[in-house]
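# Topology and contacts: notes
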Amino acid sequence: MPADRAPREPRARFAHAHGVRLPLLGYGTSRRRGDACRLLVEEALRIGYRLIDTAEVYDNEAAVGRAIAASRVPRGEIVLCTKAHPQRLLAGAPTEALERSLERLRAPFVDLFLMHWPCALADLPRAMERLAAARESGLARAVGLANAPASFLSAARSRLPEIAVDQVERHLLLQQPRLVATLRRSGVILMAYRPTARGAAAAPEPVRTLARTLGQSAHQIALRWHLEQRGVVAIAGASSVEQLRENLASLDFALGAAAMASLATLDEGRRTLSRDYAPDWPEDRVPPQARGVRGRHEPSASPKE
Ligand SMILES: NC(=O)c1ccc[n+]([C@@H]2O[C@H](COP(=O)([O-])OP(=O)(O)OC[C@H]3O[C@@H](n4cnc5c(N)ncnc54)[C@H](OP(=O)(O)O)[C@@H]3O)[C@@H](O)[C@H]2O)c1
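Here the structure is a predicted model, which means the values were calculated and not measured.

Moving on to the site of the ligand. The local shell around the ligand holds 25 residues, among which Gly28, Tyr193, Gly237, Ser239 and Gln243 are the closest. Listed by contribution, the elements that provide at least two residues to the shell around the ligand are β10 (232-237) and α10 (241-248). When the residues that make up the shell around the ligand are grouped by side-chain class, the tally is eight nonpolar, 13 polar and four charged.

What follows is the structure, given as structure tokens:
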């Protein structure tokens, strides 16, 4: 890599849980594979992303690993997250699923290891034992869940209090105020996936109006909304270098309380990702009278926490 292609300093904005420091904005790699994935992750690291999200089922861990190895970013600066479905997590020896991921990633450890979906297969006690083993072995610095409703999270935490993260679908059209409040009380970070609902959250007129007023893109407004909330980080997908850059720049402006309050009115409880094994989401059923209540999403006192 030529000198002018050296990685940029990371943006120093983080959330904390159980010893892990999570950048507020990460790059989500689902649907990126092979060399296209490798090049995008390498570029993401070069321009300043320090949180990379992958999963065994994305079929791109090897490409992510190659990108990390090729980047000149010290491994200690990168927060690497991967996930295993319950059937993988529970198969074989206690840390086998994670060890297979580490081989593909060519990494000695990951920073976050998540159980991808709670479902009928997810024998909760055994699954939590496996996450605990991943952590105790040092192969994962921290562990967590993805797609866990509050009830599952609470049962999981009673067995494994060290759960650091719940990675769930969340965006302006699916704001999940009750889940956000529960996670905050529990000290668990909400890692928002599909943070723009693949662009649908950038479409409403109030988002476009704010974009015009602030001189940002509507996509940046939809992403920025996450970044001003305590205990929330977002992993944004991008299919091009331009999108990577544009999304990263959502760290560089502020919305403020009035804009955050107006964006709170856009909640429709609209979930865009479903699986036949997905859990029931009681938190989706937001009482109509609670919608659009100003200040429900209290902006963080300090976006650095
Ligand atoms: N744990 C889970 O079960 C789970 C489930 C889903 C996702 N995830 C994670 O969350 C990450 C993000 O989710 P996602 O990629 O589905 O959704 P997203 O981040 O809401 O949307 C990404 C898509 O939005 C478009 N986009 C990105 N930046 C843009 C910009 N600046 N301007 C205009 N359009 C832009 C691109 O669409 P085009 O491709 O059309 O250009 C991109 O593919 C995934 O990569 C994955 O890591 C986790």
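When glycine is set aside, most residues are seen to have a negative phi, and most peptide bonds are trans. The backbone phi angle of Asn147 is positive, close to 60°, even though this residue is not glycine. Take Asn147: it is sitting in the loop between β7 (140-146) and α6 (150-159). Accessibility expressed as a C-beta count within 10 Å gives 23 for Asn147, which makes it buried.

Another point: the sheet that holds strand β9 (residues 189-193). The eight strands are arranged β3-β4-β5-β6-β7-β8-β9-β10 in a closed barrel whose pairing can be described as parallel. If you compare each strand with its neighbour and ignore which way they point, the axes differ by 30° on average. For strand β8 (residues 165-169) and β9, the ladder comprises five bridges, and the chain directions are parallel. For Asp166, the partnering residue across the bridge sits in β9 and is Leu190. Sitting on the sheet, helix α4 (residues 96-105) touches β5 (79-84), β6 (110-115) and β7, and the angle it makes with β5 is about 130°.

Among the five residues that make up β8, five are buried, leaving the element largely enclosed by the rest of the structure. Residues Val165, Gln167 and Glu169 point to one face of β8 and Asp166 and Val168 to the other, with burial holding for every one of them. Judged from the three bridges that link them, β7 and β8 form a sheet pairing that is parallel. Pairing of Gly144 across the sheet is with Val165, part of β8. Read from β7 through α6 to β8, the crossover connection turns out right-handed. Assessed by its sense of winding, the connection that carries the chain from β8 through helix α7 (residues 177-186) to β9 is right-handed.

Core analysis: the biggest nonpolar cluster contains 89 residues, and Leu112 and Ile189 have the highest contact counts within it. Of all the elements, helix α9 (residues 218-227) adds the most residues to this core, at six residues. Setting aside residues no more than four positions away along its own chain, Leu112 makes contact with Val20, Val79, Cys81, Ala140, Ala142, Gly144 and Val165.

Moving on: the pairing of β7. Counted residue by residue, β7 has six buried out of seven residues, so it is predominantly covered. Summarising the sheet, β6 and β7 pair through five bridges and their orientation is parallel. By the bridge assignment for β7, Leu114 is matched with Gly144.

Along α7, the residues that are buried comprise Leu179, Val180 and Leu183. Angular distribution of buried residues about the axis of α7 spans 100°; they occupy a single face of the element.

Moving on: the packing of helix α2 (residues 61-70) against α4. Where α2 contacts α4, the two axes come as close as 7 Å, and the packing angle between them is 50°. By the criterion of interaxial angle, the relationship of α2 to α4 is oblique. Across from Glu61, Ala62, Val64 and Gly65 in α2, the residues of α4 making contact are Ser101, Arg104 and Leu105. Residue composition of the contact of α2 with α4, grouped by class: three nonpolar, two polar and two charged.

On to α10. When α10 is considered as a whole, its buried residues turn out to be Leu244, Asn247 and Leu248. For α10, the buried positions fall inside an angular range of 100° around the axis, keeping them on one side. On its buried side, α10 packs onto β3 (25-28), α1 (34-47), α9 and β10.

Rules behind the numbers
- Along each chain, numbering runs from 1 in the same order as the chain's sequence is written.
- Reporting in this predicted model follows two pLDDT cut-offs: at least 70 for local features of residues, and 80 or more for side-chain atom pairs to be given and counted; totals over whole chains, interfaces and linings ignore these cut-offs and use all residues.
- As used in this record, a residue near a molecule or strand is one whose C-beta atom, placed from the backbone, is within 6 Å of it.
- A run of DSSP states H or I qualifies as a helix once it reaches four residues; a run of E qualifies as a strand once it reaches two. Both are numbered from the N-terminal end.
- Three classes are used, and their members are as follows: Ala, Val, Leu, Ile, Met, Phe, Trp, Tyr, Cys and Pro are nonpolar, Asp, Glu, Lys and Arg are charged, and the others, Gly among them, are polar.
- Burial is judged by counting the other C-beta atoms within 10 Å of a residue's own C-beta: 20 or more makes it buried, 12 or fewer makes it exposed, and any count in between marks it as partly exposed, with every C-beta position built from the backbone.
- DSSP calls a pair of strands paired once it identifies at least 2 bridges connecting them.
- Angles run from 0 to 180 degrees between N-to-C directions of axes, and those axes are lines fitted to C-alpha atoms, restricted for helices to the stretch in contact.
- Contact between two residues is assigned whenever their backbone-derived C-beta positions fall within 7 Å.
- With the strands pointing away from the viewer, any crossover whose connection runs clockwise from the first strand over the helix to the second is right-handed.
- By convention the nonpolar core is taken to be a set of buried residues drawn from Ala, Val, Leu, Ile, Met, Phe, Trp, Tyr and Cys and joined through C-beta atoms within 7 Å.
- By definition, the arc is the one covered by directions from the helix axis to the C-beta atoms.
- Throughout, the term roughly parallel applies to angles under 35 degrees, roughly antiparallel to angles over 145, roughly perpendicular to angles from 65 to 115, and oblique to all others.

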